[in-house]
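Coordinate inspection notes
As a plain string of letters, each chain reads:
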Amino acid sequence: MTNPETNSPTAVDTAPITANSAAAYHTEQRYEQLLEFIEAAFPSHKVRVESLPGDASFRRYHRVYLEGKANDESASSDSKDQALDPSYIVMDAPPQLESIESFVRIDNLMAPKINVPTLLAQDVEQGFLVLQDFGSIEFAHLIAEAKVKQDSGRIDELYRWAIDCLLRLQTLDIEQAKNNFDVPDYDAVTLKREMELFTEWFLPYIDQELTSETQTIWQDFTGALIEKLLQHPAVVVHRDYHSRNLMQDQYHSTELGVIDFQDALIGSYTYDLVSLVRDAYVDWSESQVEAWIEYYWQQSKQVHAATVGTLTEFTSQVNLMGIQRHLKVLGIFIRLAERDGKARYLADIPKVWQDLMIEMKWLSQHGDTQTQAFIEPALQWLQHQIEPKFKQKFA
């Protein structure tokens, strides 16, 4: 239930809030306020509250079980009360750390197109939300089960399900998203700032510094990459569309449940596809990844008039976007470990590095002349200077 890409509180970044210091905001008094909020949301029911494990954000989550009527008088509740699900999720986001306003706003934007959690009650000022409970079975669990059974047909069915859901999301009108829901652009400043996480966090972690020569290579490379990315067709981007943020909806099983969308932007139509098929937490063969990329491309031509005409062109766009994402995620995962004390993300870094190198090598061989010109110097730098240090650190 988090977006490790951003993992940024609303507090000023000069005094970052760590996992330990964030605990100071989740006080006993706040928990009592949370219980009062829950009781007000379900006045006719007895409730049982179960706290859930934490994630990469500063939010906390609880599952609320409705266990019968609060008293005999409420036995004749109205139809709305009778329509309640057996359980709900409560989000607790202290406003000093992050606002739930964007979650509410983007939920309302996406709800007409995809299955995002229905909001039952909210207190934006205190940072409390009651939302639909999709359950505990992630898309990651479904594909892991299919992997164990070696059911390639089921795996392909699941990914096509997720891609079809993504394409519905991408039919949202971007002008309405901007004007009515304040969704910002994935602009050059944002793309650049995100990639700088690689030089700010990842390179120091592996004891590598930029020289004046490699600084020039880096600047030329990221500048040319951004120029390419800004030419892609624009859609509403979920921004973390992967196996842990997609759910099997336990009470409404025909639709894929989608969570953790609060950092949505207007950006490349390839971004969420990269997040899905080059997931940091799941490894697939290149032939399988290529098949899903082709499936999206074929379906996308029916949705996006600006979809490029050849699969090679589209794969080039996907890999260019993937480079930006994976440079950023390498920095984010180190930051989660170093700043926020969440070392478990270090185990996922080799997969992210692998994806980055696959994308770089593919473009050095199959990209157009302009792309090869800025990819090749950066690939040589990564292979000859960065990769040896990476392998030493993550051996």
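Calculation notes
Residues numbered from 1 in each chain as written. Predicted model: local features only at pLDDT ≥ 70, side-chain atom pairs only at ≥ 80, totals over all residues. Heavy atoms only, no water. pLDDT = per-residue confidence, 0-100. Contact = heavy atoms within 4.5 Å. Axes fitted to C-alpha atoms, helices over the stretch in contact; angles between N-to-C directions. Helix = DSSP H or I, 4+ residues; strand = E, 2+ residues; numbered from the N terminus. Left-handed = near helix turned anticlockwise from the far one by under 90°. Nonpolar A, V, L, I, M, F, W, Y, C, P; charged D, E, K, R; others polar. Parallel < 35°, antiparallel > 145°, perpendicular 65-115°, else oblique. Salt bridge = Lys/Arg side-chain N within 4 Å of Asp/Glu carboxyl O.

Thoughts on the confidence of the model for the protein chain
Scored by pLDDT, the protein chain has a mean of 91; 90% of the residues are at 70 or more. Here residues 8–15 scores under 50 on pLDDT; set against residues more than four positions off or in separate chains, the count is 12 contacts. Counting interchain partners and residues more than four positions distant, the pLDDT-below-50 stretch residues 73–79 has 5 contacts.

Concerning the packing of helix H12 (residues 311–338) against helix H13 (residues 349–366)
Their axes nearest at 9 Å, the elements H12 and H13 cross at an angle of 150°. Where H12 crosses over H13, the two elements pack in a sense that is left-handed. Split into classes, the residues belonging to the contact of H12 with H13 amount to 14 nonpolar, 7 polar and 2 charged.

Some points on the packing of helix H9 (residues 212–229) against helix H14 (residues 369–393)
Look at H9 against H14: their axes get within 9 Å of each other, and the N-to-C directions meet at 140°. When the axes of H9 and H14 are compared, the pair comes out oblique. Relative to H14, H9 is oriented so that their crossing is left-handed. Contacts between H9 and H14 involve Thr-214, Ile-217, Trp-218, Phe-221, Ala-224, Leu-225 and Lys-228 from the former and Gln-370, Thr-371, Phe-374, Ile-375, Pro-377, Ala-378, Trp-381 and Gln-385 from the latter. Its residues placed into classes, the contact of H9 with H14 shows 10 nonpolar, 4 polar and 1 charged.

Observations regarding the pattern of salt bridges
Throughout the structure, instances matching the rule amount to 20 salt bridges. Of the charged contacts, one joins Asp-185 and Lys-178 as a salt bridge, the two residues approaching to 3.2 Å between their closest N and O atoms. The partner of Lys-192 in a salt bridge is Glu-196, with the nearest N and O atoms 3.2 Å apart. Linking Lys-192 with Glu-196, this pair stays in helix H8 (residues 188–205), spanning 4 residues, or about one helical turn. Connected through salt bridges with shared partners, the residues Arg-59, Glu-98 and Asp-260 form a single ionic network.

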